[in-house]
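A look at the structure
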Amino acid sequence: MTYLSADRASGPTRRTTLTGLVGGAGALLAAGCSASPATAPTARRTARAYASASDPTPGVMTLFKDPAYNFNGLFALGGSGYGASEVGEVLTAVNTINKAGLSAQTYTETFKKLGDQLRKPPGSGKPGTETTRFRALRAAQYYAQALFFVLGSDTPGSEEELYKAGRGSWDAFCERCDPVPVTARIPYGKTPLPVWFFRPDSSGERRPTVILTNGSDGQNVDMWTYGVAAALQRGWNALVYDGPGQGQLLFVDQVVFTPRWETVVTPIVDWLTARPDVDTGRIALTGLSMAGDLAPRAAAFEHRIAALVAMPGVLSPWLGFPPEIREILTPDKEKTNDLWNKEVVPELPPSAAATMKKRIEPFSVPAMLAAREGKMFTDFHTPATLIKSLDITDVVGRIKMPTLVLDYDFEQFYPGQPRQLFDKLTAPKDYVKLTAATGAQLHCSPMAPQQHCEVVFDWLQEKLSGS
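Residues numbered from 1 in each chain as written. Predicted model: local features only at pLDDT ≥ 70, side-chain atom pairs only at ≥ 80, totals over all residues. Heavy atoms only, no water.

**Looking at the pattern of salt bridges**
Which entries qualify depends on this criterion: Put simply, a salt bridge is a Lys or Arg side-chain nitrogen that is within 4 Å of an Asp or Glu carboxyl oxygen. Under the DSSP-based scheme used, a helix requires at least four consecutive residues in state H or I and a strand at least two consecutive residues in state E, with every element numbered from the N terminus. Using a 1.4 Å probe on the protein chains alone, a residue whose accessible area is under 20% of its type maximum counts as buried, one over 50% counts as exposed, and one in between counts as partly exposed.
Going through the model one piece at a time under the given rule, you end up with 22 salt bridges. A salt bridge links Glu 262 to Arg 297; its shortest N-O distance comes to 2.9 Å. You can see Glu 262 sitting in helix α8 (residues 262-273) and its partner Arg 297 sitting in helix α9 (residues 291-301), a full 35 residues away along the chain. With relative accessibility at 9%, the residue Glu 262 sits in the buried group. A salt bridge links Arg 275 to Asp 277, with the shortest nitrogen-to-oxygen separation between them at 2.9 Å. Both residues of the pair, Arg 275 and Asp 277, belong to the buried class. Taken together, the salt bridges that share partners define one network made up of Glu 159, Glu 160, Lys 164 and Arg 372.

**Side note on empty space enclosed by the protein**
This is how the line gets drawn: Residues are said to line a cavity or pocket when one of their atoms sits within 4 Å of a point; the points come from a 1 Å grid over protein atoms alone, cavities being sets where a 1.4 Å probe fits but cannot get out and pockets being open sets with protein on both sides within 12 Å along at least five of seven lines. Grid points are joined across faces, edges and corners, and a volume is the space filled by probe spheres set on the points. Only Asp, Glu, Lys and Arg are considered charged, only Ala, Val, Leu, Ile, Met, Phe, Trp, Tyr, Cys and Pro nonpolar, and every remaining residue, Gly among them, polar.
Size it by volume and the second largest cavity reaches roughly 120 Å³. Those elements giving two or more residues to the lining of the second largest cavity turn out to be α4 (129-149), α5 (159-175) and α6 (220-233). Of all the elements, α5 adds the most residues to the lining of the second largest cavity, at five residues. In terms of residue class, the lining of the second largest cavity is made up of eight nonpolar, four polar and two charged.

**As for the pairing of strand β11 (residues 429-434)**
We apply this condition: By the convention used here, strands pair only if DSSP detects at least 2 bridges between them. Whether a crossover is right-handed depends on one test, that the path from the first strand over the helix to the second runs clockwise when the strands point away from the viewer.
Taken across its six residues, β11 has five buried, putting it largely inside the fold. Where strand β10 (residues 403-408) and β11 come together, six bridges link them in parallel fashion. Counted as the bridge partner of Asp 407 is Lys 433 from β11. The parallel pair β10 and β11 is bridged by helix α15 (residues 417-424), and the resulting crossover is right-handed.

**Observations regarding the confidence of the model for the protein**
Note the threshold: For every residue, the predictor assigns a confidence score, pLDDT, that lies between 0 and 100. Two residues form a contact once any of their heavy atoms are found within 4.5 Å.
Chain-level statistics for the protein give a pLDDT mean of 89 and a share of 87% at 70 or above. In this model residues 5-54 is a low-confidence stretch, pLDDT under 50, and it forms 180 contacts with partners more than four residues away in sequence or in other chains.

As structure tokens, then:
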């Protein structure tokens, strides 16, 4: 890992919307990355697939030959350190998928079956509470794996059902925690935000608290791996929530992302500050993957946040799309959609089409509903304009609290953006790059979430220890 404080930082140095259209290899890189500007081919208005690099997963364990599936599978494997998967279960699933022939169908079927198995009692003996609890957590992980690729399977219409299976597993896990997390529905427009507030114990002691913000395609189980478990181990409270474009609000309530993420975080801070077990001077906010854009946006306007972590730093999620896709968007909606429907969609191979559906659904309810019917959305202009509006370049200067910006060796989704965000910050700031030397490379360090949490919480404890 490399570490720079604001005093030592100099010179330029880089998830979650698209990866680059990966040709016959099948889909766009997992949670959606793109070719960097330096390596992208000459833009042309086609759906020609391309890879972001000759080796899109440098130095990582190979579970699947397709980098999209491989990257997603690494998150399942990495979750084992916090009980959110089992190495043997994941590798057995990988072998089953590879033997059957890797596809969205075999991937979805295999991980859903594993989730279903874990929601049932084990074959021998009566399971105790802890056994049932962590079987439910692992089931949530495996349902999330299946959910990610279901739109490319033979049963795209099962997306909501699959989400609910994962959510049911998450809730079953939470119900068996000690203490049970406080649940609430915090007002947000017409659709309240579901929250889960975890505490180390039920003493009522005022404690530092971290608000954990997910990206554009993560599930609650990811927040356990990337923050809740580590927070509880260190005596912190941790709050998990579904915002617009995420979890329940997307898959059930059909509410898409908003560029004004402060309208999401502020009511959460209001709720926390009313609690006697929250140290209101030590409320931190983290953002994982595309939330490396959302959390800084919120922190630019919500100044009760005492410390901010962007994992990684993201200025513009729109730049995570390939240039061939970005150039389609014009101010003219009719022209844009004409290009999309007549020149792009007919050339999309099935794997790329499935990933475009996945990447766009958090920004368009019509696109999500069409995808569930096995159809491609026809209005590209509206969701593309929304994604472009997530750019936070002009508000970064309003951030006042200490900020940690993470970067990763071989960051494949937002190359260059973490350092660009860091350079624009005027608040007290630190920059840390997690590296391949310790297996923490790639977007969000999928193979090293424990290292990831060590960096984040050591920094948070240092910055907020005297608050």
